[in-house]
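Structural characterization, general
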Amino acid sequence: MIIDANAWLGHWPFRQLRHNDVPGLLRFMDANQIDVAVVANIHGIFYKNCHRANEELAEQVAAHRDRLIPFATLNPNYPGWQRNLRICRDDLGMRGLRLYPAYHQYDLTDGPSLELINAATEMGLPIALPMRVVDARQRHWMDTERNLTVPEIDAVVKACPQTSFVILNGLGLESSSAFEPDPSGKRQVMADLSRMTAVLANNLGAMIARFGPGSVVFGTGIPFKYPRPAFLKLEILEADKATKEAIRHGNMERLLGL
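Here is what the cut-offs are and how they apply
- Residues numbered from 1 in each chain as written.
- Predicted model: local features only at pLDDT ≥ 70, side-chain atom pairs only at ≥ 80, totals over all residues.
- Heavy atoms only, no water.
- Pairing = 2+ DSSP bridges.
- Helix = DSSP H or I, 4+ residues; strand = E, 2+ residues; numbered from the N terminus.
- Axes fitted to C-alpha atoms, helices over the stretch in contact; angles between N-to-C directions.
- Contact = heavy atoms within 4.5 Å.
- Buried < 20%, exposed > 50% of the residue type's maximum accessible area, 1.4 Å probe, protein only.
- Lys, Arg positive; Asp, Glu negative; His and termini not counted.
- Salt bridge = Lys/Arg side-chain N within 4 Å of Asp/Glu carboxyl O.
- Polar contact = N/O pair within 3.5 Å; in protein donor to acceptor, adjacent residues only side chain to side chain.
- 1 Å grid on protein atoms, 1.4 Å probe; cavity = no way out; pocket = protein on both sides within 12 Å on 5 of 7 lines; lining within 4 Å.
- Points joined across faces, edges and corners; volume = space filled by probe spheres on them.
- Nonpolar A, V, L, I, M, F, W, Y, C, P; charged D, E, K, R; others polar.

1. Details of the sheet that holds strand β3 (residues 68-70)
Judged by pairing direction, the sheet is parallel, and its three strands sit side by side in the order β1-β2-β3 without closing on themselves. The sheet is open, and its two edges are formed by β1 (3-9) and β3, each paired on a single side. Ignoring strand direction, the axes of neighbouring strands in this sheet form an average angle of 35°. For strand β2 (residues 36-41) and β3, the ladder comprises three bridges, and the chain directions are parallel. Of the residues in β3, the one forming a bridge with valine 39 is proline 70. Against the sheet, helix α1 (residues 22-31) makes contact with β1, β2 and β3, and its axis sits at roughly 125° relative to β3, the strand it touches most. Packing of helix α10 (residues 241-256) onto the sheet brings it into contact with β1, β2 and β3, and relative to β1 it is tilted by some 75°.

2. A few points about the side chain of aspartate 4
Relative to the elements of secondary structure, aspartate 4 occurs in strand β1. Comment: no salt bridge for buried aspartate 4; closest opposite-charge side chain is arginine 98, at 6.8 Å. One polar contact links the side chain of aspartate 4 to the main-chain amide nitrogen of asparagine 6, over a distance of 2.9 Å. Those residues in contact with aspartate 4 that lie beyond four places of it in its chain are Ile34, Val36, Ala37, Val38, Phe218, Gly219, Thr220, Gly221 and Ile222.

3. A look at unusual backbone geometry
Across the junction of isoleucine 222 and proline 223, the peptide omega takes the value 0°, indicating a cis bond. Summarising the element assignment, proline 223 is placed in the loop between β9 (216-217) and α9 (228-236). At asparagine 202, a residue that is not glycine, the phi angle is positive and equals roughly 50°. Tracing the chain through its elements places asparagine 202 in the loop between β8 (189-192) and α8 (203-211).

4. Let's talk about the pattern of salt bridges
Per the counting criterion, the structure on display carries 11 salt bridges. A salt bridge links arginine 132 to aspartate 135, with the nearest nitrogen and oxygen atoms 3.7 Å apart. Considered together, arginine 132 and aspartate 135 belong to a single accessibility category, that of buried residues.

5. Describing the environment of lysine 244
On the secondary structure map, lysine 244 appears in helix α10. Taking the relative accessible area as the measure of exposure, lysine 244 reaches 13% and is therefore buried. Placed 153 residues apart in sequence, lysine 244 and aspartate 91 show a C-alpha to C-alpha distance of 35 Å. Excluding residues within four positions of it along the chain, lysine 244 makes contact with Leu234, Glu235, Leu237 and Ala239. A polar contact of 3.1 Å, which involves the side chain of lysine 244, links it to the backbone oxygen of leucine 234.

6. Considering the environment of valine 39
With respect to the helices and strands, valine 39 occurs in strand β2. The buried category is assigned to valine 39, whose relative accessible area is 0%. Residues valine 39 and glutamine 60, spaced 21 residues apart in sequence, show a C-alpha to C-alpha distance of 11 Å. In this structure, valine 39 is in contact with Ala7, Trp8, Leu9, Leu25, Leu57, Val61, Leu68, Ile69, Pro70, Phe71 and Arg98, ignoring residues within four places of it in sequence.

7. Points about the sheet that holds strand β7 (residues 165-168)
The sheet built from six strands is open, its strands ordered β4-β5-β6-β7-β8-β9 with parallel pairing. In this open sheet, the two edge strands, each paired with only one partner strand, are β4 (72-73) and β9. Where strand β5 (residues 97-98) meets strand β6 (residues 127-130), two bridges bridge the pair, whose relative direction is parallel. Residue pairing in the sheet places arginine 98 in a bridge with alanine 128 of β6. Its contacts with the sheet place helix α7 (residues 150-159) against β6, β7 and β8, and it is angled at close to 170° to β7.

8. Quick word on the layout of surface pockets
Of the volumes computed, that of the largest pocket is approximately 240 Å³. Contributing to the lining of the largest pocket are 13 residues, with Trp12, Arg15, Val134, Asp135 and Gln138 lying nearest its centre. Of the residues belonging to the lining of the largest pocket, the class tally is five nonpolar, two polar and six charged. The computed volume of the second largest pocket comes to approximately 190 Å³. Considering the residues around the second largest pocket, the lining is formed by 13 residues, among which Pro181, Asp182, Arg187, Gln188 and Val189 are closest to the centre. The residue inventory of the lining of the second largest pocket, partitioned by class, reads five nonpolar, four polar and four charged.

Put into structure tokens, the structure is as follows:
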């Protein structure tokens, strides 16, 4: 069983993507033996009213909820997010939020951001935070060059002690203070392995050694990336079978109550 915590649907305005609609993504998942994927709509990064992207996403995945788990996109600086958050959970069946402070131009510990995160937490929705969407070194000139930093991740996790977070496309997190296991077991903070290494710096091994097997989930970044490197990292990781099974699916199953 493989659950991919880091997948996407929709168009990217700065380069062509393949496998980026529902039929294409499902075929790509089947070809790479990915059973379930957590997906967000790329359009939510760029729409002025990003809730329209949530409505699109819910309609697109409606017939495939056994394979595609939708995460909503909301902007805490856009009026009406409180109503849209309730709609996302109660009407659209979203299972979490992905937030993009670098694109929507706010800090994670701003008042409106914390208000949104805490409201989602009260509704039982985890928060996914991509440290980046694409590599800024080869960005289009209209794209942002800002990435989230480890101190920003540490600060928001400290400010929201009841919230479960999944950090996507992250690197350098083995030096973070955010991933210490919660003794109460009420919240989880995890990172997907899509940018980590299992050799040389071995960020993946360092994360597990410091924070335990519950700190890492499987993620590929499809369709921005090819999935095979993620499988190779897990294959060569020096870890026992139980740890690898937790990364493949167990940690995300626990997070989402699957």
